[in-house]
Amino acid sequence: MTKKEEQHEMRKRQILDIALNHFIRYGFYGTSTRKITEEAGISSGLMFHYFPNKLALYEALVEIGCEKLTIDRGECESPIMFFEKQVDWFLSVATQNSFATRMFVFMGLVAINAKDVSERAAQMIKEHDVEVMSVPYIEKGQESGEIRPGDPMTLSVLFYSSVQGFAEALVSRDDLKLPEKEWFLAILRNENRA
């Protein structure tokens, strides 16, 4: 990669990082490209060189979120280990990368509001719905007795909501310590298993 290409990528990442903060704080309609360019120290023309409009910037972030925040469907010894891998990944990025943690918060907001903002973003969210994709693992774990009984979709939503909620707390609090992974897994684990 040439120096010019590196600078281009760095500027693009800077714009995305600033935009991510603004979309979290102000929502899509409250976010101003003028404020993003001011914070980035660039002209509006330069920003629009990277992203033709605010919607393209928003959709680029949704695309990154869908790529980065997908579930790892690799082979696992058991369904609970599948969820353990998800928690391990979250805890590792939560300690190393504030962009990823903020992306959790952003994607939670997108899941609520995308249909009002962008059909493309709503479709991306639908295609990458980790809660729906995790239901078969919960059903398999219920069959084996390692995951508690209950509606599989509700359990999936409860599990991922706890991860999402903790990501939100990490973004808003500087003094928060990471929980033990078992705290998340306890939501799913069948404690009555013989």
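Everything quoted here is computed from the prediction, not taken from an experiment. (Residues numbered from 1 in each chain as written. Predicted model: local features only at pLDDT ≥ 70, side-chain atom pairs only at ≥ 80, totals over all residues. Heavy atoms only, no water.)

**Quick look at the overall build of the chain**
Put simply, the test is: A run of H or I in DSSP becomes a helix once it reaches four residues, and a run of E becomes a strand once it reaches two; helices and strands are each numbered from the N terminus. The cut-offs for exposure are 20% and 50% of the maximum accessible area for each residue type, with area from a 1.4 Å probe on protein chains only; residues under the lower value are buried, those over the upper are exposed, and the others partly exposed. Only heavy atoms matter for contacts: two residues are in contact if any of them lie within 4.5 Å across the pair. With residues, only the protein chains shown are counted as cover, and all accessible areas are computed by Shrake-Rupley using a 1.4 Å probe. The charge count includes Lys and Arg as positive and Asp and Glu as negative, but it does not include His or the ends of the chains. The location of each charge is read from NZ of Lys, CZ of Arg, CG of Asp or CD of Glu.
For the chain, the count of helices and strands is ten helices and zero strands. Ordered by position in the sequence, the α and β elements of the chain form the string α-α-α-α-α-α-α-α-α-α. For the C-alpha atoms alone, the extent of the chain along its principal axes is close to 65 × 35 × 35 Å. Buried residues in the chain amount to 42% of all 194 residues. At a minimum sequence separation of 6, the contacts of the chain that also span at least 24 residues come to 68%. When the accessible surface of the chain is totalled, it reaches about 11,100 Å², and 51% of it is carbon and sulfur. A distance of 6 Å separates the average location of the 23 positive side-chain charges in the chain from that of its 29 negative side-chain charges.

**Some details on the packing of helix H5 (residues 79-96) against helix H9 (residues 152-172)**
Applied cut-off: Throughout, an axis means a line fitted to C-alpha atoms (over the contacting stretch in the case of helices), and angles, computed between N-to-C directions, take values from 0 to 180 degrees. Angle categories: roughly parallel below 35 degrees, roughly antiparallel above 145, roughly perpendicular from 65 to 115, and oblique for all the rest. Gly is put with the polar residues, along with every residue not named as nonpolar or charged; the nonpolar set is Ala, Val, Leu, Ile, Met, Phe, Trp, Tyr, Cys and Pro, and the charged set is Asp, Glu, Lys and Arg.
Put simply, H5 and H9 touch, their axes get as near as 12 Å, and they point 5° apart. Relative to H9, the element H5 lies roughly parallel. Facing H5, whose interface residues are Phe82, Phe83, Gln86, Val87, Phe90 and Ala94, H9 presents Phe159, Tyr160, Val163, Phe166, Ala167 and Leu170. Class assignment for the residues of the contact of H5 with H9 results in eleven nonpolar, one polar and no charged.

**A short note on the environment of Glu191**
Along the polypeptide, Glu191 turns up in the segment after helix H10 (181-185). The spatial distance from the C-alpha of Glu191 to the C-alpha of Arg148 is 7.3 Å, given a sequence separation of 43 residues.

**What to know about helix H7 (residues 119-127)**
What counts here: Directions from the helix axis toward the C-beta atoms define the arc. Here a polar contact means two N or O atoms within 3.5 Å. Within protein one must be a hydrogen donor candidate and the other an acceptor candidate, and residues neighboring in sequence count only if both atoms are side-chain atoms.
If you check which residues of H7 are buried, you get Ala121, Met124 and Ile125. Buried residues in H7, looked at end-on, bunch into an arc of 100°, giving them a common side. Projecting away from the buried face of H7 at angles above 90 degrees are the exposed residues Glu119, Lys126 and Glu127. Its buried side turned inward, H7 meets helix H4 (54-68) and helix H6 (98-117). In this structure Ser118 caps H7, since a side-chain oxygen of it lies 3.3 Å from the backbone nitrogen of Arg120.

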